[in-house]
Amino acid sequence: MILGSIAFQLSRSPFEATIQPSSFQNLPQSAAEIGPETDAQQVAAYTVAALARYETNPKEAIAMLNKLLGPRPVPKRDEQFLADRFRGRQYLMRSYFMGATPANNYQPDMPYTVEVKTNAYTYQEEGYARFLITCGGADSPRPMTVRQKASTGEWFLWDYKGLLSGIQTPAADDPWS
């Protein structure tokens, strides 16, 4: 026996993403090339670029992360975490640039483009933004969070460790490809 029915329509699925691409002709090479941002999505793109710098210059990558983190620099234990994550996987951050896939050994298209996705939960908590970053080596986008400094309106990196999860092995290193 049906007592009644309820009809409703969601105007937008919380999993429906809006994509904001950020492109770089050249990736930033030092902390001096990135600055405080009032655009949260730009901080997300700079984070990918800073972590990509780790492949060629870990010390400068840490300096760039420190600038993005603002008043909360990279703790020493996180420096070791970064070293562990990149050991033998220098290609890891290249997977976040458009066109980079396991089949092409994570060689990105030019210009370097990062897809920063937002959804209904991105700005759910005031002062924080949780983005999803497209990854060519994973089945789903990876999360990262930025935090706004209320006194200045600037956004700073808050959590980036989701970007450092494992990805598919590049074809050149995969004995099964």
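Going by the structure above, here's the rest.
Presented here is an overview of the structure given in this document. (Residues numbered from 1 in each chain as written. Predicted model: local features only at pLDDT ≥ 70, side-chain atom pairs only at ≥ 80, totals over all residues. Heavy atoms only, no water.)

Quick notes on the side chain of Ser-22
Condition: The helix and strand labels rest on DSSP assignments: H or I over at least four residues marks a helix, E over at least two residues marks a strand, and numbering proceeds from the N terminus. For this analysis, residues touch if any pair of their heavy atoms sits within 4.5 Å.
You can see Ser-22 is positioned in strand 1 (residues 18–24). Other than its neighbours up to four places away in sequence, Ser-22 contacts Gln-41, Gln-42, Ala-45, Tyr-112, Thr-113 and Val-114.

Here we look at the packing of aromatic side chains
Under the convention used in this document: Any pair of Phe, Tyr and Trp rings, taking the six-membered ring for Trp, is counted once the centres come within 6.5 Å. Such a pair is stacked with planes under 30 degrees apart, edge-to-face with planes over 60 apart, and tilted for the rest. Per-residue accessibility, obtained with a 1.4 Å probe over protein chains only, is compared with the maximum for each type, and a residue is labelled buried under 20%, exposed over 50%, and partly exposed between these values.
Evaluated as defined, the whole model comprises seven aromatic pairs. Here Phe-24 and Tyr-46 contribute two aromatic rings whose centre-to-centre distance is 5.8 Å and whose plane-to-plane angle is 40 degrees, an arrangement assigned as tilted. Pair noted here: Phe-24 is in strand 1 and Tyr-46 is in helix 1 (residues 40–52), with a separation of 22 residues, a long-range link. Owing to a relative accessible area of 7%, Phe-24 belongs among the buried residues under this scheme. Measuring from ring centre to ring centre gives 5.3 Å for Phe-97 and Tyr-112, while their planes differ by 65 degrees; the resulting arrangement is edge-to-face. Remark: Tyr-112 occurs in strand 2 (residues 112–118) and Phe-97 occurs in the loop between helix 3 (76–86) and strand 2; sequence separation between them is 15 residues.

Details of the pairing of strand 3 (residues 128–133)
Going by this rule: At least two DSSP bridges between two strands are needed for those strands to be called paired.
Judged by how many residues are buried, strand 3 sits mostly within the fold: five of six residues are covered. Across two bridges, the pairing between strand 2 and strand 3 is antiparallel. Residue Val-116 lies in a different strand from strand 3, and its bridge partner there is Ile-133. Summarising the sheet, strand 3 and strand 4 (residues 142–149) pair through six bridges and their orientation is antiparallel. Considered in strand 4, the bridge of Ala-129 is made with Val-146.

Some remarks on the sheet that holds strand 2
Our working definition: Helix axes are fitted to C-alpha atoms over the stretch in contact, other axes to C-alpha atoms as well, and angles between N-to-C directions run from 0 to 180 degrees.
Pairing is antiparallel across the open sheet formed by five strands, whose spatial order is 1-2-3-4-5. With one partner strand each, in any of the chains shown, strand 1 and strand 5 (154–159) form the two edges of the open sheet. Averaged over all pairs of adjacent strands, the angle between strand axes in this sheet comes to 35 degrees, irrespective of strand direction. Looking at chain direction, strand 4 and strand 5 are connected through five bridges and run antiparallel. In the strand pairing of strand 5, Arg-147 is matched with Phe-156. Along the sheet, helix 1 makes contact with strand 1, strand 2, strand 3, strand 4 and strand 5, crossing strand 1 at roughly 55 degrees.

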